[in-house]
Amino acid sequence: MKKRVWPLLCVVVLMALAAARDAFDDWVDQTQLPAVLSETSVEVLDRNGQLLRAYTVENGIWRLGVTTDEVDPLFLDMLIAYEDKRFYAHAGVDLLAMARATLQSAWHGRVVSGGSTLTMQVSRLLENSGTGRWKGKVRQMRLAWALERRLSKDRILALYLTHAPYGGNLEGLRAATLSWYGKEPTRLTPAQAAFLIALPQSPERRRPDRHLRAAQDARDRVLTRLETSKTLTIETALAAKTETIPAEKRPFPTLAAHLSDRALADAPEKVRHYVTLEKGLQVSLERLASNTLTGKQERLSIAMLVADHQTGEILASVGSGGYSTHDHREGFVDMTQAVRSPGSTLKPLVYALGIDQGLIHPETIIDDRPVRFGSYAPQNFDGQFRGELRVADALQQSLNIPVVLLADQIGPARIMSAMQKTGAAPRLPSGKAGLAMVLGGVGLTLEELAQIYAMQARGGIAIDLTWQADVEQKTGTRVLSRAASWQVGHILSGISLPSGMSQRGLAFKTGTSYGHRDAWAVGYDGHHVIAVWIGRPDGTPVPGAFGGDLAAPVLFEAFQYFKPKLDPLGPPPPETLMVNAAALPLPLQRFRGRNAVFETAADAPKLAFPPDGARLLATTKGLTIKVKNGELPYSVLTNGHLAATQVHHREMTLSEIGKGASTVTIVDAQGRSDRVSVWLE
């Protein structure tokens, strides 16, 4: 009888176990998982994947996303060996470890070692639950089993690396390594890894900025246990114990702060923004910007931009001397995007357009003289006139009158069109393009100005400057000819450098806006363009601020920070007209404008007295006339009749003119003439 009962009993037991297993599976499968896609800090990374700036999540917490392949393998090996050596073998709960921990606790009367697996710790972190009460422990076990069924081991490990607490508002391994060591977790020393394993166990009591000794003791205990388990050699563990622990946290990087804000505003749904900037260069230029403002007016600000004009990629962007809302410099304002008057920096574009339209050549003679266009009478910066000089000299000396004369012939609308073709959006205060535009009477941003110069550096082909790493560049529009672009660049590279500067071969131009509100310097070599602005964000004048004195030295220093040797501008294109003034075609030897053939030449004869339409008293001697300019000898006609020939004097008396209306005509040796009508009473 007994022999028959045992098989039946075994069947019952097996069925009960199967039922229990099925019930257990149902219990685990019905587990409601907490959100495993927790919010992580938005990051802005440079062209090489290095962190430029990160933003906190809720409650000001730093929680940066991380995957296992972004972590030093040594750290992962040490973490698993210390916290959960059977991590890759168990199904979420290590019953053997829990039994051992229970027995040790009962034997010693206190907790000697924990039985929680990494998966159970992830469960606690996701639900932000405690560890002490048995109900909480059961919940963690259930959740751990459920996580193991739905997620991979690497995903569970990544959740731990993202959520583990590291003191204060730090969560996750990347936040910890950046804050405590100022680096990513890709390469860690054994001592650093041990400290980062020990800290999450008691993040507030082991914070080295508050409890340095406790932090060191905890780290050393980790090293000792890993040495005992043969994870580390004795020599490695001993050496690691001599390494110092950081006594304070480091601030998270806020590099390219303004551009980072633009990236976040442009795509708020993204967690990681990859930009074209280069971190090392950005650090150098932000330091240069800060140093430049040291000792200067407290409300002065600065902006800089570096771009590769061959690819259009922006390599560095500095929006102010310091990103702050608490200083007088208004550092929170991104001055690379502020619309300002560009001063004289548009002159190279005007000269290049003049060359393209056949109006001038660098060797053309142009007259720097008083001129007036209706009510507009441009003046040079110093109020002086240089007379006749070469176009190249006029550009290098940044004279105002020659460029306005040239702009009058080109037409303001064509100049506006050229700027727009580069991708710039010039703003006109009056809404209408006028001649004053070429002297700064137009609004441009620093980025747009750099874009105009990038076009010139590229041989006249426009390119959009971009900071977005995933934007595909398109072929730009041709704005200038290769020859005109090269000739203007060649002229700019010959400008005298400030004292102490040695950047020979740099094509650059400075500018100062009306009222000394903006100081500019823009320059390029064969590969890169840099633009610098200095002024006050609120547009208040800065007395004594000149582009050449204030901004140009920063431009040269920025190039020195960037590259020890300039890239050459390149040879002239084959079609470039390389001759001296005497060999130029006659229309290019002297700038006269398009309608010169219909206009009175400046040296043509002119009846200076009497003025046209004058009423004079008749005298017995006759009418005295005075002539200026023209080539001697003169011929004189009165009322259409020849009155005198071969006159070699510029003043003479005509005795045969009677009372009433008369017309006097003077003709010089070249056949040029002038006439006046008078009335003698």
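Our structure is the block above this text.
Report follows, based on the coordinates. (Residues numbered from 1 in each chain as written. Predicted model: local features only at pLDDT ≥ 70, side-chain atom pairs only at ≥ 80, totals over all residues. Heavy atoms only, no water.)

Focus on the overall build of the chain
Next up, step 1: The secondary structure content of the chain amounts to 20 helices and 20 strands.
Next up, step 2: By sequence separation, contacts in the chain at least 24 residues apart represent 67% of the contacts at least 6 residues apart.
Next up, step 3: Accessible surface for the chain amounts to roughly 33,000 Å². Of this, 53% is attributable to carbon and sulfur atoms. (Helix = DSSP H or I, 4+ residues; strand = E, 2+ residues; numbered from the N terminus. Contact = heavy atoms within 4.5 Å. Areas by Shrake-Rupley, 256 points an atom, 1.4 Å probe, with all protein chains shown as cover.)

Brief notes about the sheet that holds strand 17 (residues 641-647)
Next up, step 1: Within the open sheet, the five strands sit side by side as 14-20-19-16-17. Their pairing is mixed. If you trace the sheet from one side to the other, it starts and ends with strand 14 (614-616) and strand 17, each paired once. Strand-to-strand twist of the sheet, defined as the mean angle between neighbouring strand axes without regard to direction, takes the value 25°.
Next up, step 2: As defined by bridge partners, strand 19 (residues 660-667) adjoins strand 20 (residues 673-680) across eight bridges and the pair is classed as antiparallel. What sits directly across from Val667, in strand 20, is Ser673. (Pairing = 2+ DSSP bridges. Axes fitted to C-alpha atoms, helices over the stretch in contact; angles between N-to-C directions.)

Quick look at the environment of Leu506
Next up, step 1: Within the secondary structure, Leu506 sits in the loop between helix 18 (482-492) and strand 10 (507-512).
Next up, step 2: Considered as a pair, Leu506 and Gly489 are 17 residues apart in the sequence and their alpha carbons are 8.7 Å apart.

Some words on the nonpolar core
Next up, step 1: Counting residues in each nonpolar core, the largest one holds 108 residues, and the members touching the most others are Leu285, Met304, Tyr351, Ile415 and Met419.
Next up, step 2: Among residues more than four places away in sequence, those in contact with Leu285 are Met304, Val306, Ala316, Val318, Ala558 and Tyr561.
Next up, step 3: Counting 51 residues, the second largest nonpolar core, distinct from the first, contains Leu79, Leu126, Tyr166 and Leu226. (Core = buried A, V, L, I, M, F, W, Y, C linked by side-chain atoms within 4.5 Å. Buried < 20%, exposed > 50% of the residue type's maximum accessible area, 1.4 Å probe, protein only.)

Concerning unusual backbone geometry
Next up, step 1: Cis geometry marks the peptide bond from Phe609 to Pro610; its omega dihedral reads 0°.
Next up, step 2: Structurally, the position occupied by Pro610 is in the loop between strand 13 (606-609) and strand 14.
Next up, step 3: Of the consecutive residues Leu632 and Pro633, the connecting peptide bond is found in the cis state with omega at 0°.
Next up, step 4: Considering the arrangement of structural elements, one finds Pro633 in the loop between strand 15 (623-628) and strand 16 (634-638).
Next up, step 5: Phi is positive for Ser398, which is not a glycine, with a value near 55°.
Next up, step 6: On the secondary structure map, Ser398 appears in the loop between helix 14 (391-396) and helix 15 (400-410).

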